[in-house]
Amino acid sequence: MMGVNVVPQPVSVVEGGGTSLAEDLEASVQVRLPSRASGSEHPESYRLDISADGIRIEAADDAGAFYARQTLAQLTGADGRVPHVSIEDYPRFAYRGAMLDVARHFFPVAAVKRYIDDIALLKLNHLHLHLTDDQGWRLQLESWPELTGLGASTQVGGGGGGFYTADDYREIVEYAASRFVTIVPEFDMPGHTNAAIAAYPELGDAPVEPYGGIEVGFSSLAIRSERTYEFVADALRELAALTPGPYLHLGGDESLATTDEDFRYFIARATAIGAATGKTVIGWHEMGRSRELSPGTIGQYWSYTTPQEGAAEHTLSFVEQGGRVILSPADVIYIDHKYDESTELGLAWANGPTSIPQSYEWEPAEVVPGLTEGDILGIEAPMWTETLSSIEEVEVMAFPRLASAAELAWSPRVPRVFAEFEPRLAAFTRYLDRLGIGHR
Ligand code: TNX
């Protein structure tokens, strides 16, 4: 009997015993929406029944039907055979994310589309694009065109760079939607803004040169200048107009060149401007230092699985102000990190390298004390690209650790034991091989 190996692990799997040739069953595929069999109202849920009689898919919505197809594709062996099985499935968390940093190195539209395909294999449904940083501003805006003039002329290492036009961005958004992925765009502020200030010196306290290094925490918008808030309003108005999804990410991390008082003043105003566009604002957990967040602002936690100084408090601040939390603990889910000391690519600042077992063996509900299951919107695996300059390099860092993240985001809560995950992970990496996707 062939094993039923699916990542992320479905809610329920009942094996039927036999196998069939997938192509013999393809003509018999029936898809029904919405699901009647389970009576389940879970968004994105599906049932997949494979028997000698055929393949039946029942789904709560189009996303569920898409996920049934993804599961079926994983079940189909290299020999074209599928196991007879009944699967019932739905996600634990609504927000299952990956992030791609297109600022440190620019990634063309085709590369972003490929990463969207990659993450959709694992039923991830949000792609956060880190569109701006010290090294480059990557989205063209009509109101401030020089952002993608001088501001996009560099990346880590110096030359190169690049940016998306509004049409490029729309193309990415539409492609993502066809895979049930929502684009979450980030304009990082008030720190991580060297590129914007290089393009428009009036946004900072002094003129600066374009930057190609990998230091963090040295730049800040001019907090007490009204021109800064005209810029924020213009940029967020254009970004909101281009973005059909519900979220705008305003960054807020590592603003080490901004005083605490100025930071809190800026965050209160910027989140209000963001919310006035009609979108829900997301910010890195430092934003929780402000007690005047626009209500419902979502926090993204990036400290460790054991919170460092202040991180838990700042994260709970979002919940106290009516928001929820996305978990990205850096020591286990920063998939830009080296696998071990010998990995050539990647960083390792968050408690050293992150092995594949480490990426798997943690529990989202146990990271920030005081956070309940309902406070957690989901989890996200960031891919920072200081050391990564091609989609192939991104994939080799993502896979297979992104599969760990996806299972923690999708599958029911159980104690995570890597030995149990390993055979399914091995089947998944063979699937990646068949698709021509690189992995560790
Ligand atoms: C920290 S954690 C950053 C990024 C870096 C990343 C590298 C956080 C919100 N910011 O600016 O790219 O580390 O791993």
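Quick notes on the rules
Residues numbered from 1 in each chain as written. Predicted model: local features only at pLDDT ≥ 70, side-chain atom pairs only at ≥ 80, totals over all residues. Heavy atoms only, no water. Domains from an automatic or database assignment. Buried area = accessible area lost by both parts, 1.4 Å probe. Buried < 20%, exposed > 50% of the residue type's maximum accessible area, 1.4 Å probe, protein only. Helix = DSSP H or I, 4+ residues; strand = E, 2+ residues; numbered from the N terminus. Right-handed = clockwise from strand over helix to strand, strands pointing away. Pairing = 2+ DSSP bridges. Axes fitted to C-alpha atoms, helices over the stretch in contact; angles between N-to-C directions.

What follows covers the domain arrangement of the chain. Domain boundaries assigned for the chain yield domain 1 (12–89) and domain 2 (95–413). Centre-to-centre, using C-alpha coordinates, domain 1 lies 35 Å away from domain 2. In this assembly, domain 1 packs against domain 2 so that about 870 Å² is buried in total across both faces, 55% of it on carbon and sulfur atoms. In terms of surface lost to domain 2, no three residues of domain 1 exceed Phe 66, Tyr 67 and Gln 70, which account for 53% of the buried area on that side.

The next subject is the pairing of strand E7 (residues 126–130). Taking burial as the measure, the 5 residues of E7 include 5 buried ones, the bulk of the element. Side chains His 126, His 128 and His 130 of E7 all project onto a buried face; the interleaved residues Leu 127 and Leu 129 project onto the opposite face, where all are buried too. As a crossover connection, the stretch from strand E6 (residues 95–101) through helix H3 (residues 109–120) into E7 is right-handed. Where E7 lies against strand E10 (residues 182–189), 5 bridges are found, and the strand directions are parallel. Considered in E10, the bridge of His 126 is made with Thr 182.

Once that is clear, we can look at the sheet that holds strand E1 (residues 12–21). Strand order across the open sheet formed by 5 strands is E1-E5-E3-E4-E2, with mixed pairing between neighbours. The sheet terminates laterally at E1 and strand E2 (30–32), the two strands that pair on one side only. Taking the axes of each pair of neighbouring strands and ignoring which way they run, one obtains an average angle of 20° across the sheet. Relative to strand E4 (residues 54–59), strand E3 (residues 46–51) runs antiparallel, the two sharing 6 bridges. From the neighbouring strand, Asp 49 faces E4, where its bridge partner is Arg 56.

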